[in-house]
Amino acid sequence: WDNADFSRGVGTTFYQEFLTLNTAKPPFVRDVEAKIRRYLRSSYSAAWTLKITWEKAPAYAARTDTRRTVTYQAILTTDGFRSYILMLYQQGGMQWDYTRLAATNVLIGYT
């Protein structure tokens, strides 16, 4: 996510933390739990979840093109023993033109 460039005043980043240990879980956290259960076929009950949203983020360097933006999210969650991340992209996926990025070794994912 380091290739997003907010220096031209286009786009924003925000986050929301959900502490759910011994509390009622909001629908968002229940949805995250359901996705993890469905995709990984395991029982899971979140104790903590963090949703980070990059909204209308232009690619670095924004001085060249602020019209091509993308919205994406990372959702980090843990039950205290296991941790997961959901990476969600807007409809149609990553929209940046990777041929115009400053770096040519583009990678979407994590290790």
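Right above here is the structure, for reference.
Quick caveat, the model's predicted, so the values are computed rather than measured. (Residues numbered from 1 in each chain as written. Predicted model: local features only at pLDDT ≥ 70, side-chain atom pairs only at ≥ 80, totals over all residues. Heavy atoms only, no water.)

1. Topic: the sheet that holds strand β2 (residues 48–58)
Then, number 1: With antiparallel pairing, four strands are arranged side by side in an open sheet as β1-β2-β3-β4. Every interior strand has two partners, whereas the edge strands, β1 (12–19) and β4 (83–89), have only one. Going from strand to strand, the sheet's axes swing by 10° on average, the running direction of each strand aside.
Then, number 2: With nine bridges joining them, β2 and strand β3 (residues 69–78) adopt antiparallel strand pairing. Following the sheet pairing, Ile52 is matched in β3 by Ala74. (Pairing = 2+ DSSP bridges. Helix = DSSP H or I, 4+ residues; strand = E, 2+ residues; numbered from the N terminus. Axes fitted to C-alpha atoms, helices over the stretch in contact; angles between N-to-C directions.)

2. Examining the side chain of Asp79
Then, number 1: With respect to the element layout, Asp79 can be found in the loop between β3 and β4.
Then, number 2: A polar contact of 2.8 Å, which involves the side chain of Asp79, links it to the backbone nitrogen of Phe81. (Polar contact = N/O pair within 3.5 Å; in protein donor to acceptor, adjacent residues only side chain to side chain.)

3. Considering the environment of Leu50
Then, number 1: Topologically, Leu50 is positioned in strand β2.
Then, number 2: Taking relative accessible area as the criterion, Leu50 reaches 17% and is therefore assigned buried.
Then, number 3: Through-space distance from the C-alpha of Leu50 to that of Glu17 is 4.5 Å; in sequence the pair is 33 residues apart.
Then, number 4: Apart from residues no more than four positions distant in its own chain, Leu50 is found in contact with Tyr15, Gln16, Glu17, Ala74, Ile75 and Leu76. (Buried < 20%, exposed > 50% of the residue type's maximum accessible area, 1.4 Å probe, protein only. Contact = heavy atoms within 4.5 Å.)

4. Structural notes on the pattern of salt bridges
Then, number 1: In this structure the tally under the stated criterion is four salt bridges.
Then, number 2: With a shortest N-O distance of 2.6 Å, Glu33 and Lys25 are connected by a salt bridge. The pair formed by Glu33 and Lys25 is uniform in burial state, with each residue classed as buried.
Then, number 3: For Glu33, a relative accessible area of 4% corresponds to the buried category.
Then, number 4: Ionic contacts of the salt-bridge type, sharing partners, join the residues Lys25, Glu33 and Arg37 into one network. (Salt bridge = Lys/Arg side-chain N within 4 Å of Asp/Glu carboxyl O.)

5. Concerning unusual backbone geometry
Then, number 1: With phi around 50°, Arg41 is a residue other than glycine that occupies positive phi space.
Then, number 2: Structurally, the position occupied by Arg41 is in the loop between α1 (27–40) and β2.
Then, number 3: Positive phi, normally seen in glycine, also occurs at Lys56, with a value near 50°.
Then, number 4: Relative to the helices and strands, Lys56 is located in strand β2.

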